[in-house]
Amino acid sequence: QVQLVESGGGLVQAGDSLRLSCVTSGRTFSTYAMGWFRQAPGKEREFVASISSSSSTTYYADSVKGRFTISRDNAKNTVYLQMNSLKPEDTAAYYCAAHTGSGGKWFAWGQGTQVTVSS
């Protein structure tokens, strides 16, 4: 079974940066596309960014494009989300997830890490 554990969240001021990490168990990490999602109180979970298994393709939500960068280190079974120029509207619980590939589904999720951005 695939297990995902996020870390790196915290309380920061607007304009600051944070780097989130997600460590994935198992030897098949390099075969999965990976993604980051977030959910603010009272709102639905939304897509933030994703990266293909080989890091050749990335996608970003319009709200974070140009500020966030997703990356992965397959040797460490870890996916990262570098968040720069943080805004109060970025405040949410952030979750990483694993995908089976094109036409597949998000089949494994982490427990989440809280990011709070104050003005």
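The rules behind these values
Residues numbered from 1 in each chain as written. Predicted model: local features only at pLDDT ≥ 70, side-chain atom pairs only at ≥ 80, totals over all residues. Heavy atoms only, no water. Helix = DSSP H or I, 4+ residues; strand = E, 2+ residues; numbered from the N terminus. Polar contact = N/O pair within 3.5 Å; in protein donor to acceptor, adjacent residues only side chain to side chain. Contact = heavy atoms within 4.5 Å. Disulfide = S-S within 2.5 Å. Buried < 20%, exposed > 50% of the residue type's maximum accessible area, 1.4 Å probe, protein only. Phe/Tyr/Trp six-rings, centres within 6.5 Å; stacked < 30°, edge-to-face > 60°. Lys NZ or Arg CZ within 6 Å of the ring centre and 35° of its normal.

Looking at the secondary structure, you find R38 in strand β4 (residues 33-39). One polar contact links R38 to S63, side chain to side chain, over a distance of 3.4 Å. Within polar-contact distance, the side chain of R38 engages the side chain of D90 at 2.9 Å. Contacts of R38, omitting those with residues within four sequence positions, involve E44, R45, E46, V48, S63, V64, F68, E89, D90, A92, A93 and Y94.

Taken as a whole, this structure holds one disulfide when the rule is applied. What pairs with C22 in a disulfide is C96, and their sulfur atoms sit 1.9 Å apart. Across the disulfide from C22 to C96, rotation about the S-S bond amounts to roughly 50 degrees, and the bridge is consequently right-handed. Within this pair, whereas C22 is found in strand β3 (residues 18-24), its partner C96 is found in strand β9 (residues 92-99), the two being separated by 74 residues in sequence. By the burial criterion, C22 is buried, and C96 matches it.

Geometry of an aromatic ring pair is reported as the spacing of the ring centres plus the angle between the planes. Counted under the stated rule, the structure contains four aromatic pairs. Between F37 and F47 the ring centres are 5.7 Å apart and the planes differ by 75 degrees, which places this aromatic pair in the edge-to-face class. In this pair, F37 sits in strand β4 while F47 sits in strand β5 (residues 46-51), placing the two residues 10 residues apart along the sequence. Under the relative-accessibility criterion, F37 is labelled buried at 9%. Relative accessible area serves as the criterion here: at 30%, F47 is assigned to the partly exposed category. Where F37 meets W109, the ring centres are 4.9 Å apart and the plane angle is 55 degrees; that geometry is what we call tilted. Taken as a pair, F37 in strand β4 and W109 in strand β10 (residues 106-109) lie far apart in primary sequence, 72 residues in all. Among the aromatic residues, those joined into a cluster by ring pairs are F37, F47, W106 and W109. Cation over ring: R45 sits above Y95, and NZ or CZ is 4.0 Å from the ring centre. Over the ring of F29 we find R72; its NZ or CZ atom is 4.4 Å from the centre of that ring.

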